[in-house]
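Below are the chains, spelled out letter by letter.
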Amino acid sequence: MTPEVISLTHGVVGYDGRPVLRDVSLTVTAGEVVAILGANGSGKSTLVRAVLGLVPLSAGAVTLFGQQVRRFRQWQRVGYVPQRLGAGSGVPATVAEVVASGRLARRGILRPPGRADREAVASALRAVGLADRAKDPVATLSGGQQQRTLIARALAGRPELLILDEPTAGVDTASQEAFAGALRGFAADGGTVLLVAHELGPLRPLISRAVVVHHGVVAHDGAVPDPAGHHAAPDHDHVHPHGPEEPAGLWSTT
Amino acid sequence: MSLFQYEFMLRALIGALIIGLAAPALGIYLVQRRLALIGDGIGHVALTGVGAGLLFQTSPVIMAVIAATIGAIAIELIRERGRTSGDLALALLFYGGIAGGVVLVGLSDSTSANLNAYLFGALTTTSRSDLVTIAVLGAAVLIAMIALRPALFAVCHDEEYARVSGLPVRGLNLLLAITTAVTVTIAMRAVGVLLISALMVVPVATAQQVTRGFRATMAAAMVLGLFAAGAGVWLAAVADTAPGASVVVLAIASFIVVTLLAAGWRRIRRARPEPEPAPEPHEVLLGGS
Ligand SMILES: Nc1ncnc2c1ncn2[C@@H]1O[C@H](COP(=O)(O)OP(=O)(O)O)[C@@H](O)[C@H]1O
Ligand SMILES: [Mg+2]
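Source: prediction; values computed, not measured. (Residues numbered from 1 in each chain as written. Chains lettered and ligands numbered in written order. Predicted model: local features only at pLDDT ≥ 70, side-chain atom pairs only at ≥ 80, totals over all residues. Heavy atoms only, no water.)

Trainee: Tell me about the overall build of chain B, and name the residues and values.
Mentor: Within chain B, the regular secondary structure consists of 13 helices and zero strands. When the helices and strands of chain B are placed in sequence order, the string is α-α-α-α-α-α-α-α-α-α-α-α-α. Looking at chain B as a whole, 49% of its 289 residues are labelled buried. Sequence separation of 24 or more characterises 75% of the internal contacts of chain B that already satisfy a separation of 6 or more. Split by element, the accessible area of chain B, about 13500 Å² in all, is 68% carbon and sulfur. (Helix = DSSP H or I, 4+ residues; strand = E, 2+ residues; numbered from the N terminus. Buried < 20%, exposed > 50% of the residue type's maximum accessible area, 1.4 Å probe, protein only. Contact = heavy atoms within 4.5 Å. Areas by Shrake-Rupley, 256 points an atom, 1.4 Å probe, with all protein chains shown as cover.)

Printed below as a string of structure tokens:
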């Protein structure tokens, strides 16, 4: 039997007493590439953050690599790409500096970066096609390139499990394809992937299983559902503008 | 004859240089976190410690370190909860701190000149033991900020990611809070409570006009802080101005000069015809890892 990498059983999560996930169970085994789909606000990010122990469960249990997430310490095995960078930084930082943060889980806080760290950063930047931008300030990159920087940061730690929250939302086609390439390489090397997607686009052939979250429960867990509506047109060029307002998505059920 | 042959001037200069180096090394993390004015707030709280020290005739500086540390930890815990009421809690802490300080100083036998020394700095009264305190604490702050730079950068840049990297996020945040309190207290001797944030923040603001990365910004800000401190004490000595204010005036003057130069440089560069940027090479992007 393949070992369980992620196991969430009967998870309940809410904010300020308002439930977002009512009863969600999800298992991801080694080597799988699982997509979480669902409408905006259905709790996809909440699910991912609960798996990582960033939001507490009010009921249920999460394990990562067979260990309770609260006691989990082998963070070098996990790479996380958040939906978007928080408030952002007031001080300039280069692409390489941001990606270098991805090495901390492996290196610890006291050891200064060494050769292996620099090589891992360089190869992660190559994997997402940003090698030539390493010394540029992150703020001068396009939205898609910034997203790729965060993906490189996760890859730099050489994780076994990648957890990505809408890595392709609002991202230009070039970046989407760069990302699909990097992900294909990661999965081919035996990596496990859990990714939230608004729509799959060029990622579709890589996905081995889809989980649809709806009204706080898992509405579907299995084959990737067929796209419907105008989004399905093969020539449909869907580039979201960056911003809080996203058009109603492929998986929206409202 | 050099001014710095006077021992008190030399002590003032050394103290200012240490603070000039340490304050921006810490301040860069506060700026990154958009908490640039937190030093000001903690300075207000430190003033209550000064008042208590004067009232009970114990060392005002040690009491200030204690009060500022408690205040900084309280602010950090409020920030961690991320409540909107955090704003009001901070206001209470800040104004409570300064009012408490003024009241306590009033209750003690000390004069308002004594309070002024903490409000505006009293670099030239730096004693030998003050200098030792400044050197030891300043070195501790510097070492922590430089040695832990990757971890502190990660925490200030993206706290959730730092958590998922297994970093001791809370410990690092508290470390920042405590080093802020310590820096504020030693800087209080030099530039005074009302000008502390300037020394932590202005060199960083100046440096980032011209730098591209975090490490470069940190190094440049420390050089600028050192320059402002040294030149400020020299200016105070030759022009007989208040040293603390002179240091800050020079820091802000550097900001203005660098901003103007950077704007001029950008304009010159834009006037020159630039080659068309190459389109993104798709084949390379698809290369995988
Ligand atoms: N930190 C938070 N505090 C309170 N409510 C939140 C928070 N994060 C998300 N929510 C709410 O939880 C619901 C699910 O959000 P989210 O998990 O981000 O959905 P999705 O990623 O599917 O768009 C939304 O109604 C959102 O407003
Ligand atoms: Mg989301």
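Trainee: Tell me what's going on with the coordination of the magnesium ion (ligand 2), and back it up with residues and numbers.
Mentor: Summarising the metal site, the magnesium ion (ligand 2) is bound by the protein donors S45 of chain A (OG) and Q83 of chain A (OE1), whose distances to it range over 2.0 to 2.3 Å. One end of the pair, S45 of chain A, is in helix 1 (residues 44–51); the other, Q83 of chain A, is in the loop between strand 6 (78–81) and helix 2 (95–100), and 38 residues separate them in sequence. (Donors = N, O, S within 2.8 Å, 3.2 Å for Na, K, Ca; no water.)

Trainee: Give me the packing of aromatic side chains: which residues, what numbers.
Mentor: Considering all chains together, one arrives at four aromatic pairs over all chains under this definition. Where F65 of chain A meets F72 of chain A, the ring centres are 6.1 Å apart and the plane angle is 15°; that geometry is what we call stacked. We classify F65 of chain A as buried; its relative accessible area is 18%. Aromatic side chains F72 of chain A and W75 of chain A sit 4.9 Å apart centroid to centroid with 90° between the ring planes, which places their arrangement in the edge-to-face category. Both residues of the pair, F72 of chain A and W75 of chain A, belong to the buried class. Three or more aromatic residues link up through ring pairs in this structure, and these residues are F65, F72 and W75 of chain A. The ring of F65 of chain A has R77 of chain A sitting right over it, with the charged end atom 3.9 Å from the ring centre. Geometry around Y161 of chain B places R153 of chain A over its ring, the cationic atom sitting 3.6 Å from the centre. (Phe/Tyr/Trp six-rings, centres within 6.5 Å; stacked < 30°, edge-to-face > 60°. Lys NZ or Arg CZ within 6 Å of the ring centre and 35° of its normal.)

Trainee: Please provide a residue-by-residue account of the site of ligand 1, values included.
Mentor: All names here are of chain A. Around ligand 1, the surrounding shell consists of Y15, R18, V20, A39, N40, G41, S42, G43, K44, S45 and T46. The protein chains hide 62% of the 560 Å² of surface that ligand 1 would expose on its own. Those elements that place two or more of their residues in the shell around ligand 1 are strand 2 (18–29) and helix 1. When residues of the shell around ligand 1 are assigned to their parent elements, the largest contribution, three residues, is made by helix 1. When the residues that make up the shell around ligand 1 are grouped by side-chain class, the tally is three nonpolar, six polar and two charged. (Near = heavy atom within 4 Å. Nonpolar A, V, L, I, M, F, W, Y, C, P; charged D, E, K, R; others polar.)

That's the geometry; what it means functionally is another story.
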